[in-house]
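Observations on the model geometry
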Amino acid sequence: MRTTEARVLYAAAAVLLDYPDARVREALPTLRAALAEQPGPLPRLLEATARRLADDAEPVACRRYVDTFDLSRRHALHLTYWTDGDTRRRGETLGRFKQKYRDSGWLVDLDGELPDFLPLVLEFTARVDYAVGRSLLAEYRASLELLRLELAADAPVYAPVLEAVCATLPGPSPATRAEAMALAGPPPAEKVGLEPFDPRLLPLAQGTAGTRPAAAEGAR
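Here the structure is a predicted model, which means the values were calculated and not measured.

Another point: helix α2 (residues 22-36). Taking 1.5 Å as the rise per residue, α2 with 15 residues should run 21 Å; its terminal C-alpha atoms sit 22 Å apart, in good agreement. For α2, the principal kink sits at L28 and spans about 40°; a proline, P29, occurs within the next four residues. Turning to α2, the residues buried within the fold contact α1 (3-16), α3 (42-55) and α4 (58-70).

Structure below.
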């Protein structure tokens, strides 16, 4: 896939994985038109999600997003959650994300969001620094693949987006959760709460993942 085509795909994925409020819904016609101009099978995957979001009423789409991403750790959209869990080193890792944004000249207003939020990383890759963004996506390939597998099992509306994003990275996607976890290497040595690679704890436990509490509250 050429760089220009990948940028379009990442930009579209960033929108589709964000909370589907009025701002996102207003962008869907332009997004769908841009995807329709792109060749190959990957844009078709994103078109499927965009079409479903456009067809659903806003309250339905928003409630599904909250149920999928805000109320389940199985679908965490924060890349370092899958690799660092609740270890103390996660703070250092998040700081590294911020520094990469600064080094690339991107002074983004996080507005309470964590810098490893996948839509944010995808937007950075598409619009700001493609090389650095791609390196982050490759570094957190295990996180992306684990999320892809969980969405494939639970969330057919959003699963095509992760399938497309993972397909842009080198090599085949792992077929099982164990293979995906192996991509991340050994777990962190210093643990405060969750053990990131213990399948009994992460990310199968249900509960608020803390990704977008304001959105979840507003959808009620």
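The discussion continues.
Moving on: the packing of aromatic side chains. Overall, the coordinates contain 10 aromatic pairs when judged by the stated rule. With 4.9 Å between their ring centres and 70° between their planes, F69 and Y158 make a pair best called edge-to-face. With a gap of 89 residues between them, F69 in helix α4 and Y158 in the loop between α9 (141-154) and α10 (159-167) connect regions that are remote in the sequence. Look at Y158 and you get buried, because its relative accessible area is 1%.

Among the secondary structure elements, T168 is positioned in the loop between α10 and α11 (177-182). Note on T168: relative accessible area 13%, which makes it buried. In this structure the side chain of T168 is engaged in a polar contact, spanning 2.6 Å, whose partner is the backbone oxygen of V165. Look past the residues within four positions of T168 in its chain and what remains in contact with it is M1, L9, Y10, L42 and R134.

Moving on, we get to the nonpolar core. A general trend in soluble globular proteins is that nonpolar side chains are found buried together. One finds Y10, L118, L122 and L144 to be the most contacted residues of the largest nonpolar core, which totals 60 residues. Top contributing element to this core by residue count: α1, with 9 residues. Among residues more than four places away in sequence, those in contact with Y10 are L122, T125, A126, Y130, R134, L137, V165, T168 and L169.

What counts, and where the lines are drawn
- Residues numbered from 1 in each chain as written.
- Predicted model: local features only at pLDDT ≥ 70, side-chain atom pairs only at ≥ 80, totals over all residues.
- Heavy atoms only, no water.
- Helix = DSSP H or I, 4+ residues; strand = E, 2+ residues; numbered from the N terminus.
- Expected span 1.5 Å × (residues − 1).
- Bend = angle between axes of the 7 residues up to and from the residue.
- Contact = heavy atoms within 4.5 Å.
- Phe/Tyr/Trp six-rings, centres within 6.5 Å; stacked < 30°, edge-to-face > 60°.
- Buried < 20%, exposed > 50% of the residue type's maximum accessible area, 1.4 Å probe, protein only.
- Polar contact = N/O pair within 3.5 Å; in protein donor to acceptor, adjacent residues only side chain to side chain.
- Core = buried A, V, L, I, M, F, W, Y, C linked by side-chain atoms within 4.5 Å.

By themselves, these figures tell us nothing about what the structure is for.
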